[in-house]
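# Topology and contacts: notes
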Amino acid sequence: VISSAQQLDSAKRVLLDEKLAEYTAAIEREGVQVQKEECDFLIGSSTDSLVRQYVALRLYDHYMSSKVMGAEAVAIHIFDTWFLPGKVSMGDDIDLMTARVYADFNRQSLLGCKAPELQLKAKDGDMRNVFPRDSRRYTVLYFYAPDCAKCKVQSILLRNLLNTEDYPVDFVAVYTGDDVQEWDEYVSKRLDVSSEAVCVEHLWDPEVDSDYQRKYGVIQTPRMFLISPDGFIIGRGLDAKALAGMLQ
């Protein structure tokens, strides 16, 4: 979103980029709360409005594109604190709307959050309480769509991982479509988890009554979470490889 903002002169931008890159690298291993506070300090201490806007946008972009799991929480904090109330202009109404949608669809499922309450349907029509759940095991929550190319790959990798390693986990696979036949075929081909150590639930919500899209940020698939036995999100945006590392 930097291009949408009013531009500083090139020399000042280069200097700011160098300093911000150095600073964000220095605090990368700090906790999320510390990083939020440091970003607030950097933005708030910029007395020139153009500099403040540039710093806020650059920090927001940095945390949105970070490869570090959980970094998006800092980006959402910057949006909520500075852009949403209008303390800093994002420079473009479309960018502001996009950032608002992202924040609204992800703020409930950030690392450390209690897994949002979720009720979904089994194939027989009965409702299942996914969260909160009466279990003392870790839960893998996986949202997928059969026409999603990445889902096809991740589903096979996930199935092989759970069948091979025999992790004692609960596996909740959520089909995001509305075609029972398509669902059955997909599960039999790609998500047939047979390990006795894994408790498997295949669920769906064709009417989206549960609002799972907003609660768990399911704007696109696949979407995978790891939930601790006490119901807190400890992994998000996972793929099968990252999940394996966490479970090990």
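So, here's what we can say about the structure.

Thresholds, definitions, all that
- Throughout, residues of each chain are indexed from 1 in the direction in which the sequence is written.
- Residue-level local features of this predicted model are given only where pLDDT is at least 70; pairs of side-chain atoms are given and counted only at 80 or more, and the full residue set underlies all totals for whole chains, interfaces and linings.
- The side-chain figures draw on all heavy atoms in the structure; neither hydrogens nor water molecules are used.
- Residues enter a nonpolar core if they are buried and are Ala, Val, Leu, Ile, Met, Phe, Trp, Tyr or Cys, with the set joined through side-chain atoms within 4.5 Å.
- Only protein chains enter the accessibility calculation, which uses a 1.4 Å probe. A residue is then buried if its area is under 20% of the maximum for its type, exposed if over 50%, and partly exposed in between.
- Put simply, DSSP H or I for four residues or longer makes a helix, DSSP E for two residues or longer makes a strand, and each gets a number counted from the N terminus.
- Residues count as neighbours in contact if any of their non-hydrogen atoms are within 4.5 Å of one another.
- A pairing counts as a salt bridge when a side-chain nitrogen of Lys or Arg comes within 4 Å of a carboxyl oxygen of Asp or Glu.

Let's shift gears to the nonpolar core. Counting residues in each nonpolar core, the largest one holds 29 residues, and the members touching the most others are Ile43, Val55, Leu59, Tyr60, Tyr63, Ile78 and Phe83. Among the secondary structure elements, those contributing two or more residues to this core are α1 (10-26), α2 (32-44), α3 (49-65), α4 (72-83) and α5 (93-104). With residues near it in sequence (within four places) discarded, Ile78 still touches Cys39, Ile43, Ala56, Leu59, Tyr60, Tyr63 and Phe83.

Taken as a whole and judged by the stated rule, the model has 9 salt bridges. The residue Asp80 makes a salt bridge to Arg107 at a minimum N-O spacing of 2.6 Å. A residue pair is termed long-range when its members are at least 10 positions apart, and Asp80 in helix α4 and Arg107 in the loop between α5 and β1 (118-121) qualify at 27 residues. Asp80 sits in the partly exposed class, given a relative accessible area of 27%. By relative accessible area, Arg107 is classed as partly exposed at 29%. Here Glu201 and Arg133 are joined by a salt bridge, their closest N and O atoms 3.3 Å apart. A residue pair is termed long-range when its members are at least 10 positions apart, and Glu201 in strand β5 (residues 199-204) and Arg133 in the loop between β2 (127-131) and β3 (138-144) qualify at 68 residues. Overall, Arg133 belongs to the partly exposed group, its relative accessible area being 21%. Through salt bridges that share partners, Arg133, Arg137, Asp170 and Glu201 make up one connected network.

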